[in-house]
Amino acid sequence: MTKKLLFTFLMVFKLSIVFAQFDNISIIGQFTNWSVDVPLNTTDGITYTLTAQNFAVTGGAKFRKDNAWTTNWGSTSFPTGTGTLNGLDIPVPAGTYNVVFNKNTGAYTFTAVQSTYDNIGIIGGFNAWAESLPLTTFDGVLYTRDDYNFTANNVKFRKDNNWTVNWGGTTFPSGTAILGGSDIPLTSGFYNVAFNYNQLNYTFVQVPVTLIGSGAQGWDTDVSLNTNDGGVTFTLENVSLVNGLVKFRANGSWAKNWGSADFPSGTGTQNGADIPTSAGNYNITFNRTTGAYNFQQVLSVTENQLLNIKVYPNPSNTFWNFSSPKEIIDRIEISDLTGKTIFSSQFTSNEVVVDSSTFSKGIFLAKVTGNNVTQTVKLVKN
């Protein structure tokens, strides 16, 4: 190896080490339904930037380190300010911005820019066909809206909030959109919406509501509730609880959660107190529209119990290990927050390893089935 090549190799190696030591800083907020971090870029580990980021909805936002709340910055000022540790949410109006954040001082700026992506929205009976509800995109291809309550039937997608370019479809909850097509026959309910601008595929996935907490399967494991009315009333039968705390939440995310200090019944409020639980078996009902919940104790234990699934490591970089001390794991199905299934396989073991090395970074939901019982677990890929 020549001296020149050796010098080049050493310089690249040295720079790789330096860059690998930079902190991972991201921004999260209402524009991602508080469920996905958008990473910022840096060349010095101090100043972090984000170019032409679309904030499709008005709402709070915060900077944070390593996609976790352990270290986060916020403030009440916009478009400039100084974030403080554990500060309040930054009030970001809907728009497209270049973002700059100084990790050392907490100083930040949001500079409005013209979006380079097309404006895609959804319109229908839920808003009296009056004005498009904007969808969020990070790449100009996949447009999404999480946890939206469609209060009336039928919808269409359209561009630039007018009818010049619009898409309909004949199937629901998924299908291929047709330019100028008929109304998509949506039935009212709470859905996660996804629209692929290139392929014109669309999906409407009913928003899952889960129970989480030390009184159930821990603060890292979501237990799925069932619904038969469009995602308003949820139930779970004969669940074994212990003395502890629980909350209800949607999409396996803290962006929408309900709690109260009352047990066995009460009315949960957004970001309310943890619900205290007493050990026993319960039939649970929860209404996400009113927040009303009830834990009705049952006297006997049947086979319809939880799997007590444990997942480790979680978050993971390369794999997740699923463990069930009670039942054989029959099937694992993993989906992203748009409802797209990205992994599905059958098993006959108490211990299952799933390779996550090819997954993109983000949050996923795993439905684990054993002995005709299904438990939903939130997964995080770093």
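Use the structure listed above.
Residues numbered from 1 in each chain as written. Predicted model: local features only at pLDDT ≥ 70, side-chain atom pairs only at ≥ 80, totals over all residues. Heavy atoms only, no water.

The next thing to look at is the sheet that holds strand 28 (residues 265–267). One open sheet accounts for 5 strands, arranged 24-25-31-32-28; its pairing is antiparallel. For this open sheet the edge positions go to strand 24 (226–227) and strand 28, each flanked by a neighbour on one side alone. With 2 bridges joining them, strand 24 and strand 25 (residues 233–241) adopt antiparallel strand pairing. What sits directly across from Thr-227, in strand 25, is Phe-234. (Pairing = 2+ DSSP bridges. Helix = DSSP H or I, 4+ residues; strand = E, 2+ residues; numbered from the N terminus.)

Leaving glycine aside, a negative phi is the common case for residues, and trans is the common case for peptide bonds. Across the junction of Phe-78 and Pro-79, the peptide omega takes the value 10 degrees, indicating a cis bond. By the secondary structure assignment, Pro-79 is in the loop between strand 6 (72–74) and strand 7 (80–82). Cis peptide bonds are those with omega within 30 degrees of zero, and the linkage from Phe-263 to Pro-264 qualifies with 15 degrees. As for its position among the elements, Pro-264 is in the loop between strand 27 (257–259) and strand 28. With a phi angle near 65 degrees, Leu-200 is a residue other than glycine that sits in the positive phi range.

Okay, a nonpolar patch on the surface next. On the surface, a cluster of nonpolar side chains totalling about 260 Å² of accessible area is made up of Trp-219, Leu-245 and Trp-254. Inspection of the secondary structure assignment puts Trp-254 in the loop between strand 26 (244–250) and strand 27. (Patch = residues over 30% accessible without salt bridge, like charges linked within 9 Å, V, L, I, M, F, W, Y side chains within 5 Å. Areas by Shrake-Rupley, 256 points an atom, 1.4 Å probe, with all protein chains shown as cover. Salt bridge = Lys/Arg side-chain N within 4 Å of Asp/Glu carboxyl O.)

Of all hydrophobic cores here, the largest spans 21 residues; its most connected members are Leu-211, Leu-225, Leu-241, Phe-248, Ile-284, Phe-286 and Phe-295. Elements supplying a minimum of two residues to this core: strand 22 (209–213), strand 25, strand 26, strand 31 (280–287) and strand 32 (292–298). Among the elements that take part in this core, strand 25 stands out by supplying 4 residues, more than any other. Ile-184, Val-193, Phe-195 and Tyr-197 belong to the second largest nonpolar core, which has 19 residues in total. (Core = buried A, V, L, I, M, F, W, Y, C linked by side-chain atoms within 4.5 Å. Buried < 20%, exposed > 50% of the residue type's maximum accessible area, 1.4 Å probe, protein only.)

Turning our eyes to something else, we now look at the layout of surface pockets. Each pocket or cavity is described by its volume, and for the largest pocket that value is around 1200 Å³. Contributing to the lining of the largest pocket are 47 residues, with Val-36, Phe-138, Leu-142, Thr-144 and Thr-338 lying nearest its centre. Contributions of two or more residues to the lining of the largest pocket are made by strand 2 (38–39), strand 4 (47–55), strand 14 (136–137), strand 15 (142–150), strand 20 (189–196), strand 21 (201–206) and strand 38 (362–370). Its volume calculated, the second largest pocket comes out at about 980 Å³. The wall of the second largest pocket is formed by 33 residues, among which Asp-37, Arg-64, Asn-67, Ala-68 and Ile-363 lie closest to the centre. At 3 residues, strand 39 (residues 373–381) tops the list of elements feeding residues into the lining of the second largest pocket. Across the lining of the second largest pocket, the residue classes break down as 12 nonpolar, 11 polar and 10 charged. (1 Å grid on protein atoms, 1.4 Å probe; cavity = no way out; pocket = protein on both sides within 12 Å on 5 of 7 lines; lining within 4 Å. Points joined across faces, edges and corners; volume = space filled by probe spheres on them. Nonpolar A, V, L, I, M, F, W, Y, C, P; charged D, E, K, R; others polar.)

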